[in-house]
Amino acid sequence: MPEVVGIKFKDVGKVYCFDPNGTTLTPGQHVIVNTARGVECGIVATGNEVVGDDKIVAPLKPIIRIATDEDLKKVAENKEKEKSAFKICEEKIAKHGLEMKLTDVEYTFDNSKILFYFTADGRVDFRELVKDLASVFHTRIELRQIGVRDEAKMIGGLGLCGRPFCCKSFMGEFAPVSIKMAKEQGLSLNPAKISGACGLLMCCLKYEQENYEHLSKITPKPGALVDTKEGRGIVTEANLLSGQLKVRLDRYPDAAPASFTVAQVKTLKDVKTTVSKEERDALKTIEE
């Protein structure tokens, strides 16, 4: 089994496996590596460890060297160049009249390529823009259209909870979220309450989904037929977290629903949590 080291290229980003090349590395160290987009300076996220072959993508590229003071100085210089390139690119976008919003600019460590990230509502013909930028910077130019989630991760900000965006703070990769998760968790299907600043479903819907799925299996849902010590009835309300139920009893159809706990009822026929076509159509703009 191969020995690997985990390297990331952003403070909060995906971790990639590299061959330590006989060097013992510790988290936080800067290293120079060869990647698919050129020579880059990365940060050690996880130290040397032996993993199974199924955990890596072959071929495993080796670490070139531990970053020197000169390397780190060059990284800082590239950051300054990125600020200048951002302004120049914005001017060129305006000049060409393109419907696109520049989000970020990255120089590769060896300056062999400059990557410009942008968002746009549709496809953009940026061929002339690339030629214009190449004539200014005299290096390879790559424009990448990204989604609104990636834009939020790059820019950052505060979420509805008042805390910095999860994607900017600690999420290495995005997890899939769905409207069904919001419905299973008993949340209001109001776009303003379940979507983040990016305009899509909040990533935090995923965090406790496993717990809700477990509770959903043992808790009868509204509409379920149950048997209680006072007779059969239909569940009208169910609180997954507290396990409290309200049941409209068949023998007292006009009375207020009676309260029970999950342990006090026996489910005879449950129902499934589904998202109707009308609900999905109303919320389709916030679900990927």
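Residues numbered from 1 in each chain as written. Predicted model: local features only at pLDDT ≥ 70, side-chain atom pairs only at ≥ 80, totals over all residues. Heavy atoms only, no water.

Peer 1: How should I be thinking about the layout of surface pockets in this particular structure?
Peer 2: One water molecule sets the probe size; rolling that probe over the atoms shows where empty space is left. Each pocket or cavity is described by its volume, and for the second largest pocket that value is around 450 Å³. Within the residue set of the lining of the second largest pocket, elements represented by two or more residues are helix 3 (148-155) and helix 4 (166-169). Of all the elements, helix 4 adds the most residues to the lining of the second largest pocket, at three residues. Looking at side-chain class alone, the lining of the second largest pocket contains 17 nonpolar, four polar and two charged residues. (1 Å grid on protein atoms, 1.4 Å probe; cavity = no way out; pocket = protein on both sides within 12 Å on 5 of 7 lines; lining within 4 Å. Points joined across faces, edges and corners; volume = space filled by probe spheres on them. Helix = DSSP H or I, 4+ residues; strand = E, 2+ residues; numbered from the N terminus. Nonpolar A, V, L, I, M, F, W, Y, C, P; charged D, E, K, R; others polar.)

Peer 1: Whenever I open this one, helix 2 (residues 127-137) confuses me. Can you help?
Peer 2: It helps to recall that an α-helix has 3.6 residues per turn; residues three or four apart then point in one direction. Taken together, the buried positions of helix 2 are L129, D132, L133 and F137. Along helix 2, the residues classed as buried sweep out an arc of 120 degrees about the axis, all on the same side. Residues of helix 2 that are exposed and angled more than 90 degrees away from the buried face: R127 and K131. Elements in contact with the buried residues of helix 2: helix 1 (69-96), strand 6 (101-107), strand 7 (113-119) and strand 8 (140-145). (Buried < 20%, exposed > 50% of the residue type's maximum accessible area, 1.4 Å probe, protein only. Arc of directions from axis to C-beta. Contact = heavy atoms within 4.5 Å.)

Peer 1: So what exactly am I meant to see when it comes to the sheet that holds strand 6 here?
Peer 2: Sheets are built from strands paired through backbone hydrogen bonds, the pairs being either parallel or antiparallel. In spatial order, the strands read 6-7-8; together these three strands make up an open sheet with mixed pairing. Looking along the sheet, the strands with just one partner apiece sit at the ends: strand 6 and strand 8. Averaged over all pairs of adjacent strands, the angle between strand axes in this sheet comes to 20 degrees, irrespective of strand direction. Both strand 7 and strand 8 contribute to a ladder of six bridges, which runs parallel. In the strand pairing of strand 8, Y117 is matched with R144. Seen against the sheet, helix 2 touches strand 6, strand 7 and strand 8 and runs at an angle of roughly 140 degrees to strand 8. Of the strands in this sheet, strand 6 and strand 7 touch helix 3, which is tilted by about 60 degrees from strand 6. (Pairing = 2+ DSSP bridges. Axes fitted to C-alpha atoms, helices over the stretch in contact; angles between N-to-C directions.)

Peer 1: Just checking my understanding: could you explain unusual backbone geometry for this structure?
Peer 2: With the exception of glycine, the majority of residues adopt a negative phi angle, and the majority of peptide bonds are in the trans configuration. Positive phi is not limited to glycine here, since N21 has a value of about 60 degrees. Tracing the backbone shows N21 in the loop between strand 2 (16-18) and strand 3 (30-35). The partly exposed category is assigned to N21, whose relative accessible area is 47%. Located in the positive-phi region is H138, a residue other than glycine, with phi close to 55 degrees. We classify H138 as exposed; its relative accessible area is 66%.

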